Amino acid sequence: MAAAGGGGAYGASLPAVPGWLNKGDNAWQLTASTLVGIQSMPGLVVLYGSIVKKKWAVNSAFMALYAYASSLLVWVVVGFRMAFGEELLPFWGKAGVALTQSYLVGQAKIPATEYGVVPLTEPFYPEATLVLFQFEFAAITLVLLAGSVLGRMNIKAWMVFTPLWLLLSYTVGAFSLWGGGFLYRWGVIDYSGGYVIHLSSGIAGFTAAYWVGPRLKSDRERFSPNNILLMIAGGGLLWMGWAGFNGGAPYAANIAASVAVLNTNVCAATSLLMWTCLDVIFFGKPSVIGAVQGMMTGLVCITPGAGLVQTWAAVIMGFFAGSVPWFTMMILHKKSAFLMKVDDTLAVFHTHAVAGLLGGILTGLLATPVLFSLESSVPGLRGAFYGGGIKQVGKQLAGAAFVIAWNVVVTTLILLGIGLFIPLRMPDDQLMIGDDAAHGEEAYALWGDGEKFDATRHDLSRGGGGGGGGGDRDGPAGERLSGMGARGVTIQL
């Protein structure tokens with residue numbers, strides 16, 4: 001009745017619907033936030049838990065889960081305003097809480113908007129929506145970083161590392177490039193996180209892998225996925241979630257968002273196909289793991305310029321995304337003694353640092369001035385192919401150099417500090433066991449807790465494997481098999 005009379009939730013003038021609120025933009029931004037969140041939870045949790053050796057499934061999934069949860073509390077207590085608050089230093093914002101009603105219900109404000117000659121329109125939704133969206137970016141950066149140290153990092157050291165790295169490293173890159181810091185004002189382009197998220201996680205992950213140390217020799221030599229189908233499912237959640245990742249970057253449901261989402265899918269598909277073709281050409285058969293890696297490098301490569309390049313340029317970026325990281329991973333890595341020494345478990349350096357840097361450089365070449373005008377208030381930005389010259393590429397390289405240097409130094413200092421109190425690497429006897437030693441839990445209980453299949457008591461050669469009976473079914477395990485009508489099978493994972 002109230003709604004019919006013009007009141008209720010759909011009224012034109014209500015305290016919950018101020019004049020500046022655009023319901024469509026707010027709905028899209030909340031949807032984009034959820035899509036990015038799904039990339040981490042459950043996307044990367046599932047991907048990590050399935051792409052590793054069976055004995056590390058629980059630990060790998062938990063590292064991603066913990067990073068996601070711990071990031072949120074740190075973000076709202078102090079992190080958000082260090083990345084998107086008032087300027088403290090040219091590369092850092094002033095710390096402050098994002099927890100109060102007075103702060104969260106007002107119209108969102110992006111400090112970068114005040115530095116342009118023609119300020120960008122502020123988002124037409126509350127600050128709470130912006131806090132949530134940017135949290136999802138911060139969280140997934142740490143989850144991606146975790147991929148470099150799976151299979152041996154002490155979980156207690158990881159629990160201390162995640163909040164420190166978020167505060168001391170991530171917020172610096174985010175403020176410098178997105179929050180109105182010196183790289184943004186200088187004109188370095190990072191549309192949706194090619195540098196802030198992917199270059200940072202790749203470099204920091206590689207640095208962490210160096211200081212934590214390698215996995216056991218047996219694990220490095222054989223680390224087959226325990227469930228390739230689940231790995232594909234996790235990868236699929238990443239791909240679909242990237243619509244929110246790049247589509248939410250304009251902070252509105254506008255033209256740039258549409259272009260960004262289309263370009264994201266085109267580049268990912270092209271990169272996947274390119275990687276697969278190279279696998280077939282050089283190794284004689286397509287690799288499913290390789291296809292997922294190709295998908296990932298395509299998604300990463302387009303991110304710095306998703307809404308700034310034409311769709312034909314996204315195809316070109318896909319070709320490079322599926323070939324350059326493939327070369328660094330499959331050829332260059334094996335010829336470099338240093339790269340071989342550092343045990344980057346999931347090759348995050350190649351799939352994120354290399355692909356992110358590549359995307360930044362290609363954006364400096366291919367970004368169009370028309371699309372730039374929709375996104376940035378910094379005047380005169382355009383790719384080299386549109387009259388920007390080599391100057392823009394130089395800015396992209398300089399911005400990448402800052403991100404790389406900061407992450408190497410800060411990640412090193414954090415880990416060395418933690419190492420004074422907590423061992424960074426699990427001891428070898430625990431590494432031999434895996435999940436059970438780290439958590440007291442295992443991913444797959446094939447025969448029940450503490451039970452092992454005894455082949456001498458369940459001899460399938462005597463016809464006892466069928467559901468109709470026969471064979472020796474003495475004891476609890478045999479009774480269970482009889483009741484289930486199942487065959488006893490020893491599975492090596």
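Residues numbered from 1 in each chain as written. Predicted model: local features only at pLDDT ≥ 70, side-chain atom pairs only at ≥ 80, totals over all residues. Heavy atoms only, no water.

Naming follows an unreviewed UniProt entry, where the protein chain appears as Ammonium transporter of Zizania palustris. Quoted verbatim from the Function (unreviewed entry) field of UniProt, the annotation for the protein chain is "Involved in ammonium transport." Quoted straight from UniProt, the Sequence similarities (unreviewed entry) entry for the protein chain says "Belongs to the ammonia transporter channel (TC 1.A.11.2) family." (UniProt positions renumbered as here; feature names shortened; annotations may be inferred.)

1. A short note on the overall build of the protein chain
A count of helical and extended segments in the protein chain gives 19 helices and 2 strands. A buried classification covers 53% of the 493 residues belonging to the protein chain. In the protein chain, of all internal contacts separated by at least 6 residues, the share reaching a separation of at least 24 is 75%. About 20,600 Å² of surface is accessible on the protein chain, with carbon and sulfur atoms providing 67% of the total. (Helix = DSSP H or I, 4+ residues; strand = E, 2+ residues; numbered from the N terminus. Buried < 20%, exposed > 50% of the residue type's maximum accessible area, 1.4 Å probe, protein only. Contact = heavy atoms within 4.5 Å. Areas by Shrake-Rupley, 256 points an atom, 1.4 Å probe, with all protein chains shown as cover.)

2. A look at helix 12 (residues 311-335)
What sets the pattern is the α-helix's 3.6 residues per turn: residues three or four places apart point alike. Compared with an ideal rise of 1.5 Å per residue, which puts 25 residues at 36 Å, helix 12 spans 35 Å between its outermost C-alpha atoms and is within 8% of the ideal. At Thr328, helix 12 shows its maximal bend, which comes to roughly 30°. Of all the residues in helix 12, the buried ones are Ala313, Ala314, Met317, Gly318, Ala321, Gly322, Pro325, Trp326, Thr328, Met329, Met330 and His333. Structurally, helix 12 contributes buried residues whose contacts are with helix 10 (255-283), helix 11 (288-302), helix 13 (337-341) and helix 14 (348-366). (Expected span 1.5 Å × (residues − 1). Bend = angle between axes of the 7 residues up to and from the residue.)

3. Some remarks on the confidence of the model for the protein chain
In this model, the protein chain carries a mean pLDDT of 86, and residues with pLDDT of at least 70 account for 84%. A low-confidence stretch, residues 1-5 stays under pLDDT 50, and its non-local contacts, those more than four residues away or across chains, total 2 contacts. (pLDDT = per-residue confidence, 0-100.)

4. Digging into the packing of helix 4 (residues 127-146) against helix 5 (residues 155-177)
Running from amino to carboxyl end, helix 4 crosses helix 5 at an angle of 125°, the nearest separation of the two axes being 11 Å. Looking at the two axes, helix 4 sits oblique to helix 5. The handedness of the crossing between helix 4 and helix 5 is right-handed. Counted together, Gln134, Phe137, Ala138, Thr141, Leu142, Leu145 and Ala146 of helix 4 and Trp158, Phe161, Thr162, Trp165, Leu166 and Tyr170 of helix 5 form the full contact between these two elements. Counted by class, the contact of helix 4 with helix 5 contains 10 nonpolar, 3 polar and no charged residues. (Axes fitted to C-alpha atoms, helices over the stretch in contact; angles between N-to-C directions. Parallel < 35°, antiparallel > 145°, perpendicular 65-115°, else oblique. Left-handed = near helix turned anticlockwise from the far one by under 90°. Nonpolar A, V, L, I, M, F, W, Y, C, P; charged D, E, K, R; others polar.)

5. A few points about unusual backbone geometry
Along the chain, Met41 connects to Pro42 via a cis peptide bond; the corresponding omega equals 15°. You can see Pro42 is positioned in helix 1 (residues 23-51). Unusually for a residue other than glycine, Tyr251 sits at a positive phi of about 65°. For Ala347, which is not glycine, the phi torsion reads 55° and is therefore positive. With respect to the helices and strands, the residue Ala347 is situated in the loop between helix 13 and helix 14.

6. Notes on the side chain of Asn59
Along the chain, Asn59 turns up in helix 2 (residues 57-84). Only 2.9 Å separates the side chain of Asn59 from the side chain of His439, close enough to count as a polar contact. Ignoring anything within four residues of it in the chain, the contact list for Asn59 reads Ile155, Asp435, Ala438 and His439. (Polar contact = N/O pair within 3.5 Å; in protein donor to acceptor, adjacent residues only side chain to side chain.)

7. Re the packing of helix 4 against helix 7 (residues 194-212)
In the contact formed by helix 4 and helix 7, the axes pass within 8 Å of each other and the chain directions differ by 30°. Here helix 7 runs roughly parallel to helix 4, going by the angle between their axes. The handedness of the crossing between helix 4 and helix 7 is right-handed. Contacts between helix 4 and helix 7 involve Phe137, Ile140, Thr141, Leu144 and Leu145 from the former and Val196, Ile197, His198, Ser201, Ala204 and Gly205 from the latter. Residues that form the contact of helix 4 with helix 7 fall into these classes: 7 nonpolar, 4 polar and no charged.

8. Quick word on the pattern of salt bridges
Evaluation of the coordinates by the stated rule reveals 9 salt bridges. Arg215 is paired through a salt bridge with Asp343; the nearest N and O atoms lie 2.7 Å apart. Of this pair, Arg215 sits in the loop between helix 7 and helix 8 (217-221) while Asp343 sits in the loop between helix 13 and helix 14, and the two are 128 residues apart along the sequence. The pair Arg215 / Asp343 is uniform in exposure class, with both members buried. When the shortest N-O distance is used, the salt bridge between Lys217 and Glu221 registers 2.3 Å. With Lys217 and Glu221 both in helix 8, this residue pair falls 4 residues apart, about one helical turn. Of the two residues, Lys217 and Glu221, both sit in the exposed class. One salt-bridge network, in which partners are shared between bridges, spans Lys53, Lys55 and Asp219. (Salt bridge = Lys/Arg side-chain N within 4 Å of Asp/Glu carboxyl O.)

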